[in-house]
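Observations on the model geometry
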Amino acid sequence: MERDAVWKTIDDERLSMADLLDDLSPAEWDTPSLCTGWRVRDVAAHLTLAHTGILAGTVAFVRAGGGFDRMIRDSAVRQAARLPTADYAPLLRAMVGSRRKAPFISHLEPLIDILVHGQDITIPLHRERAMPPEAAAAAADRVWPDLYPFRAARRLRGVQLRATDHEWSAGEGSVVEGPISALLLLLTGRRAALAQLRGPGLALLP
């Protein structure tokens, strides 16, 4: 997937996510997401921080004691605590057209973020959110085999993943197949899409 097409998809996904956030009820904002310990509002807050610069990121890293995962969570929780829910959608819309990203990452990490976190939000809310197969495959290629923190090839050793709606595949061993969107969730440690997958390799999944 070409870089311009990736950014166009990120823009489209941010716009549709903004529309979704405008439609959430107070109860939905506080619903637990697929991310353990994160509410829907925390995940949404994380998405609004996609343009965090190197200085702010360094300060957050130091505040978190040098722990990357803790930095990400703490930053999202702080943002969620201070940001009125009415402000989330405008912040996402304001990002459209920009190619700014956090330091030290490729253009594909923002794609992974908006695709996967979109499901982290909508699946627990029982809302449908389609994932473009070509974009999901590009994200899966970036995650596989060992993008931190997912380390997908290590977790899924002995399994061959095959998409049924795209030519994407990865790994060796017993087959697990299904939509590329479900495979991307599996690669990033989400088990919520297991019901969409099939094959003998399911018995080997952690």
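Residues numbered from 1 in each chain as written. Predicted model: local features only at pLDDT ≥ 70, side-chain atom pairs only at ≥ 80, totals over all residues. Heavy atoms only, no water.

1. Re the side chain of Thr-48
With respect to the element layout, Thr-48 can be found in helix H3 (residues 40-48). A relative accessible area of 9% means that Thr-48 is categorised as buried. Only 2.6 Å separates the side chain of Thr-48 from the backbone oxygen of Ala-45, close enough to count as a polar contact. Only 2.9 Å separates the side chain of Thr-48 from the side chain of Gln-79, close enough to count as a polar contact. (Helix = DSSP H or I, 4+ residues; strand = E, 2+ residues; numbered from the N terminus. Buried < 20%, exposed > 50% of the residue type's maximum accessible area, 1.4 Å probe, protein only. Polar contact = N/O pair within 3.5 Å; in protein donor to acceptor, adjacent residues only side chain to side chain.)

2. Section: the nonpolar core
Judged by nonpolar contacts, the single largest core of 36 residues is most densely connected at Leu-111, Leu-161, Trp-168 and Leu-184. Looking at this core, the elements that each hand over two or more residues are helix H1 (3-22), helix H7 (108-122), helix H8 (133-143), strand S1 (159-163) and helix H10 (180-187). Beyond its immediate chain neighbours, meaning those up to four positions away, Leu-161 contacts Trp-144, Leu-156, Trp-168, Ser-169, Ala-170, Val-176, Leu-183, Leu-186 and Leu-187. One finds Ala-18, Leu-20, Leu-47 and Leu-92 within the second-largest nonpolar core, a separate group that totals 23 residues. (Core = buried A, V, L, I, M, F, W, Y, C linked by side-chain atoms within 4.5 Å. Contact = heavy atoms within 4.5 Å.)

3. Structural notes on H10
Most of H10 sits out of view: eight of its eight residues are buried. Looking only at H10, the buried set comprises Ile-180, Ser-181, Ala-182, Leu-183, Leu-184, Leu-185, Leu-186 and Leu-187. Summarising the contacts, the buried residues of H10 are in contact with H7, H8, helix H9 (152-155), S1 and strand S3 (174-178).

4. Details of the side chain of Arg-190
Relative to the elements of secondary structure, Arg-190 occurs in the segment after H10. For Arg-190, a relative accessible area of 12% corresponds to the buried category. Among the polar contacts made by the side chain of Arg-190, one reaches the side chain of Asp-120 at a distance of 2.7 Å. Of the polar contacts made by the side chain of Arg-190, one reaches the backbone oxygen of Thr-188; its length is 2.7 Å. Not counting the four nearest positions on each side in its chain, Arg-190 is found in contact with Leu-34, Cys-35, Val-116, His-117, Asp-120, Phe-150 and Leu-185.

5. A closer look at the pairing of S1
Of the two faces of S1, the one lined by Val-159, Leu-161 and Ala-163 is fully buried and the one lined by Gln-160 and Arg-162 carries no buried residue. Pairing geometry for S1 and S3, over five bridges, is parallel. Within S3, the residue paired with Gln-160 across the bridge is Val-175. What sits between S1 and strand S2 (residues 169-171) in their antiparallel hairpin is a turn of five residues. (Pairing = 2+ DSSP bridges.)

6. Quick notes on the pattern of salt bridges
In total, this model carries 13 salt bridges according to the counting rule given. As a salt-bridge pair, Arg-99 and Asp-4 come within 2.3 Å of each other at their nearest N and O atoms. Of this pair, Arg-99 sits in the loop between helix H6 (88-95) and H7 while Asp-4 sits in helix H1, placing them 95 residues apart in sequence. One network of salt bridges, in which partners are shared, links Asp-30, Arg-39, Arg-41 and Asp-42. (Salt bridge = Lys/Arg side-chain N within 4 Å of Asp/Glu carboxyl O.)

7. Some thoughts on the environment of Asp-165
With respect to the helices and strands, Asp-165 occurs in the loop between S1 and S2. On the accessibility criterion, Asp-165 (40% relative accessible area) is partly exposed. Setting aside residues up to four positions removed in sequence, Asp-165 forms contacts with Pro-133, Gly-178, Pro-179 and Ile-180. There is a polar contact of 2.9 Å between the side chain of Asp-165 and the backbone nitrogen of Ile-180.

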